[in-house]
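# A closer look at the structure
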Amino acid sequence: MSKRGLIFVAITLACVMLAGGWVLAASRDAGSETSKARVEVEADVPPTVSAPPGSGRNAPVRVAGRVLVRAVDARDSRLNGQVAEATLGDGIGSATEVGSLACQRVHMAAEAGLCLALAPSGVEYRARIFDGRFKTRAEFPLTGLPSRARVSPSGRWGAITTFVSGDAYAEAGEFSTRTTIIDMRAGRPIADLEKFEARKGADRIDAPDFNFWGVTFARDDDTFYATLATGGERYLVKGSINERRVELLRKNVECPSLSPDGTRVAYKKRVGEVEDWRLHVLELDSGRDVALSERRSIDDQVEWLGDGTIIYGDERSVWAVRADGGGRPRRILRSAASPTALR
Amino acid sequence: MYQAESAGVLLRGGRAEPKGRNARVPRNVLLLGAVSLLTDISSEMVATVLPIYLVFALGASPLQYGVVEGLYQGGAALVRLASGVFADRWQRYKQLAVAGYGLSALCRAALLSVGVSVGAVSGIVLADRVGKGIRTAPRDALISLSAVPERLATAFGVHRAMDTAGAMLGPLVAFGVLLAAPGRFDAVFAVSLCFAVLGLAVMVLFVGDRRGRAALDRVVRPGLRSTLRLLRTPLYRRLVVLGAALSLVTISDGFLYLGLQRQMDLELTAFPLLFVGSAFSYMVLAVPAGRLADRVGRERVFVAGYLLLLLVYGALLVPDLGLTVLVVSLICLGAFYAATDGVLAAAASAVLPEGQRGGGLGLLLAATTLAKLAAALLFGLLWTVAGLTTATVAFAGALALATVVALFVVAARRPQEGHV
């Protein structure tokens, strides 16, 4: 054999050993994960304050109720996802892991839950629909990476937003979002929002750059709000599941979350920079828009804990802030994200 | 140690061929194909897991990553042109190709390094793309200089088939690694590095360098100016104009898949299958299309490829298309790539002076890439303003017109004028 041939055989052997050894070592490791992220309730969770919202600029945020979260570990993201339930109120709190679900995004209402989880293969995600005892009732594969999950107050409908990347021969690396409505009873997707009829005033509009995300449901099991991005603008849209249509309402509203009384949406507003958001609450009838006291950029679809409190995650902790713009944000849970208020 | 001849027989599917050197796929072309196959396994492994890695392991917002990629698209074409020009100037096709493959292999090693952040990964992806930009034109020049003129398109077909095979194998390998070691992206990057190193080893150890004889006699060394002067050559100019004009009325694959998916009301999870289907068709048909092009004329096969694309546009306009139409569309799309990508490079190689193949191929690539980018923007705009159907009809009409004109231009030439 020639000298070159020998060199090549040597390189090949080295590569096979490196690749094989690495995969073998990794596969042994993967089975022996023992440590797990644990959700901790913040020691000084503020006691329930009975003062009505808006009674004073400095009244503390009211925090009481049960919250479903997913555990996160800032140092090792492979440990993320275990779903836990935390009980808050009157200065005491506890967090317990429930079931064996591990989710990238989780939401639940009326004993019906939606969990977006990494499949065992590690290269794709699956949606799991679970019941009040956190047992999986149905599951189906997802296209793309989990971004948002929401369940309607009655547990009838669900909504999933995923990020989808372009294919190798397409516009490389370009991400777009897909948002689908889920029939929680049947356990399957029933509609893609991009196929809904979109209207801006009297005009019907359509464009290839349509991207929907962040659905929030009303109590009537038909109306929903969401974000539609097109032509560089992000609109708040109001839609009807039955009529398969959406209507553009207002610019620069992302990831809306409808208040329990259905009169306001809390959302993130983009300010200046591409990835810089501030939490706001918009009164739907009057159009009055209030900035919340959280000064950091928050990339989350927030949740209402009662009609006066907003809770949200920053991928490390869960925070609470008053919905009327007063007070200061308080950290309520550590090592937790994706909060759902259980009612 | 490399049985080029017997592998060549395999690739031809054992069909009876005229005897003689011309019938064989040159060893160097097969070696370059092997390099591309190994490198594509490596890069597609990473491409498959990168979005999940960024979001799952690094907690990135996927949109951040998209911005970087989008910005790079236009620049890529110019890197290819520059690399081709320098390869001509120095007459060092192999060294420049090695530099490109080497840079990409280094990027795999960088991904393995600890403490990688979102910004660093974006930088690595960018460097990887620069590496790809650097190697493309010199590698195509090497293919063209390794093959006999009569069988240029076959040589490119063999290379593209092996290249596409690698692109299809990559995701499978990544999937296998993650199945063995769930969530261990580092294992994927390690295996990917090994494939990249193997590709680089084949390139460095076995691929023979080729030099364009004509250029060595010249007093003036080739540069950007002399590359642009190639456009004065009527045969080459015609190919550039033909390639750019047809690219300008091409709906990008992203939009085609989106259109087919909407038309079919496909499950969203079926989306990646559209890519796999057309890539498979491309892989299988690349060699036959190249052989056909060598026999009946490369320009003819190239233009005929666009007729196949026209069929795909037609499918987009059929309401409620069935599975059969979808499958036929995907086969046509793969056949379109088989009839155009390598064949255009072969046609251009045939009319370019040997010493200026790098710059000439780079310029052709830059022209078609920029035209495709413009087409994507135009189609997106048209869709927004007038709707999907109108945009498709407009592009189909323009493509039909362009193809008919191209057919007349090509048919006006007599076959005796050479194998172009």
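Residues numbered from 1 in each chain as written. Chains lettered and ligands numbered in written order. Predicted model: local features only at pLDDT ≥ 70, side-chain atom pairs only at ≥ 80, totals over all residues.

### A closer look at the overall build of chain B
- Per the secondary structure count, chain B includes 16 helices and zero strands.
- Every one of the 420 residues in chain B was classed for burial, and the buried ones make up 56%.
- Restricting the contact set of chain B to residue pairs at least 6 apart, pairs at least 24 apart contribute 87%. (Helix = DSSP H or I, 4+ residues; strand = E, 2+ residues; numbered from the N terminus. Buried ≥ 20, exposed ≤ 12 C-beta atoms within 10 Å, placed from the backbone. Contact = placed C-beta atoms within 7 Å.)

### Remarks on the overall build of chain A
- Within chain A, the regular secondary structure consists of one helix and 27 strands.
- Across the 343 residues in chain A, those meeting the buried criterion constitute 45%.

### Section: the sheet that holds strand β23 (residues 303-304) of chain A
Residue and element names in this part refer to chain A.
- The strand order β1-β26-β25-β24-β23 describes an open sheet built from five strands, whose pairing is antiparallel. Two strands close off the open sheet at either side, each with one partner strand: β1 (40-41) and β23.
- Where β23 and strand β24 (residues 309-313) come together, two bridges link them in antiparallel fashion. Bridge pairing links Trp304 to Ile310 in β24. (Pairing = 2+ DSSP bridges.)

### Here we look at the packing of helix α4 (residues 93-112) of chain B against helix α5 (residues 118-146) of chain B
Residues and elements named next belong to chain B.
- Where α4 contacts α5, the axes come no closer than 7 Å and their chain directions differ by 155 degrees. By the angle class used here, α4 and α5 are roughly antiparallel. The handedness of the crossing between α4 and α5 comes out as left-handed. Seen from α4, the contacting residues are Tyr93, Lys94, Leu96, Ala97, Ala99, Gly100, Tyr101, Leu103, Ser104, Cys107, Ala110 and Leu111; seen from α5, they are Ile124, Ala127, Asp128, Val130, Gly131, Lys132, Ile134, Arg135, Pro138, Arg139, Ala141 and Leu142.
- Here the residues of the contact of α4 with α5 are counted per class, giving 16 nonpolar, three polar and five charged. (Axes fitted to C-alpha atoms, helices over the stretch in contact; angles between N-to-C directions. Parallel < 35°, antiparallel > 145°, perpendicular 65-115°, else oblique. Left-handed = near helix turned anticlockwise from the far one by under 90°. Nonpolar A, V, L, I, M, F, W, Y, C, P; charged D, E, K, R; others polar.)

### Quick word on helix α7 (residues 185-205) of chain B
- Between its first and last C-alpha, α7 of chain B extends 30 Å over 21 residues, near the 30 Å set by a 1.5 Å rise per residue.
- Of all 21 residues in α7 of chain B, 18 are buried, a share of seventy percent or more. (Expected span 1.5 Å × (residues − 1).)

### Regarding the packing of helix α15 (residues 357-386) of chain B against helix α16 (residues 388-411) of chain B
All names here are of chain B.
- Interaxial distance between α15 and α16 falls to 7 Å at its minimum, and their mutual angle equals 135 degrees. Here α15 lies oblique to α16, going by the angle between them. By crossing handedness, the relation of α15 to α16 is classed as right-handed. Facing Phe379, Leu382, Trp383 and Ala386 of α15, the residues of α16 in contact are Leu388, Thr390, Ala391, Ala394 and Phe395.
- Here the residues of the contact of α15 with α16 are counted per class, giving eight nonpolar, one polar and no charged.

### Some thoughts on the sheet that holds strand β20 (residues 264-270) of chain A
Residue and element names in this part refer to chain A.
- If you trace the four strands from one edge of the open sheet to the other, you get β19-β20-β21-β22, paired in antiparallel fashion. A single partner strand is all that each edge strand has here, and the edge strands are β19 (254-258) and β22 (289-291). Strand-to-strand, the axes of this sheet are offset by a mean angle of 25 degrees, without reference to chain direction.
- With three bridges joining them, strand β21 (residues 277-283) and β22 adopt antiparallel strand pairing. In the sheet register, His280 faces β22, and the bridge partner there is Ala291.

### Focus: the pairing of strand β2 (residues 65-71) of chain A
Residues and elements named next belong to chain A.
- Along β2, five of the seven residues are buried, which leaves the element largely enclosed by surrounding structure.
- In terms of strand pairing, β2 meets strand β27 (residues 336-342) through five bridges, oriented antiparallel. Along β27, the bridge assignment pairs Ala71 with Ala336.

### Some remarks on the confidence of the model for chain B
Residues and elements named next belong to chain B.
- On average, residues of chain B score 82 in pLDDT, and 82% of them reach the 70 mark or higher.
- Per-residue pLDDT, averaged within each element of chain B, yields its smallest value for helix α1 (residues 4-11) (40) and its largest for α7 (94).
- Of the regions scoring below 50 in pLDDT, residues 1-22 engages in 22 contacts with residues more than four places distant in sequence or in other chains.
- For this predicted complex, the interface confidence reaches an ipTM of 0.77, while the overall pTM sits at 0.74. (pLDDT = per-residue confidence, 0-100.)

### Observations regarding the confidence of the model for chain A
- When the pLDDT values of chain A are averaged, the result is 82; 82% of them are 70 or greater.
- When pLDDT is averaged over each helix and strand of chain A, the minimum, 70, is found for β1 of chain A and the maximum, 93, for β23 of chain A.

### Focus: the domain arrangement of chain B
Residue and element names in this part refer to chain B.
- According to the domain assignment, chain B contains domain 1 (4-9 + 17-217) and domain 2 (224-417).
- Between domain 1 and domain 2, the residue contacts involve 42 residues of the former and 37 residues of the latter.
- At the level of elements, α3 (62-90), α5, α6 (152-180) and α8 (213-217) are the ones that each hand at least two residues to the side of domain 1 that touches domain 2.
- When residues of the side of domain 1 that touches domain 2 are assigned to their parent elements, the largest contribution, 13 residues, is made by α6.
- For the side of domain 1 that touches domain 2, the per-class residue count stands at 23 nonpolar, 12 polar and seven charged. (Domains from an automatic or database assignment.)

### Examining the environment of Ala289 of chain B
Residues and elements named next belong to chain B.
- Relative to the helices and strands, Ala289 resides in helix α12 (residues 271-296).
- As for Ala289 and Phe395, which are separated by 106 residues in sequence, their C-alpha atoms are 25 Å apart.
- Excluding residues that lie within four positions of it along the chain, Ala289 makes contacts with Gly157, Val301, Ala338, Ala339 and Val343.

### Side note on unusual backbone geometry
- In this structure, Asp221 of chain A is a non-glycine residue whose phi angle is positive, near 60 degrees.
- Inspection of the secondary structure assignment puts Asp221 of chain A in the loop between β15 (211-217) and β16 (223-230).
- Positive phi is not limited to glycine here, since Gln91 of chain B has a value of about 55 degrees.
- Residue placement: Gln91 of chain B occurs in the loop between α3 and α4.

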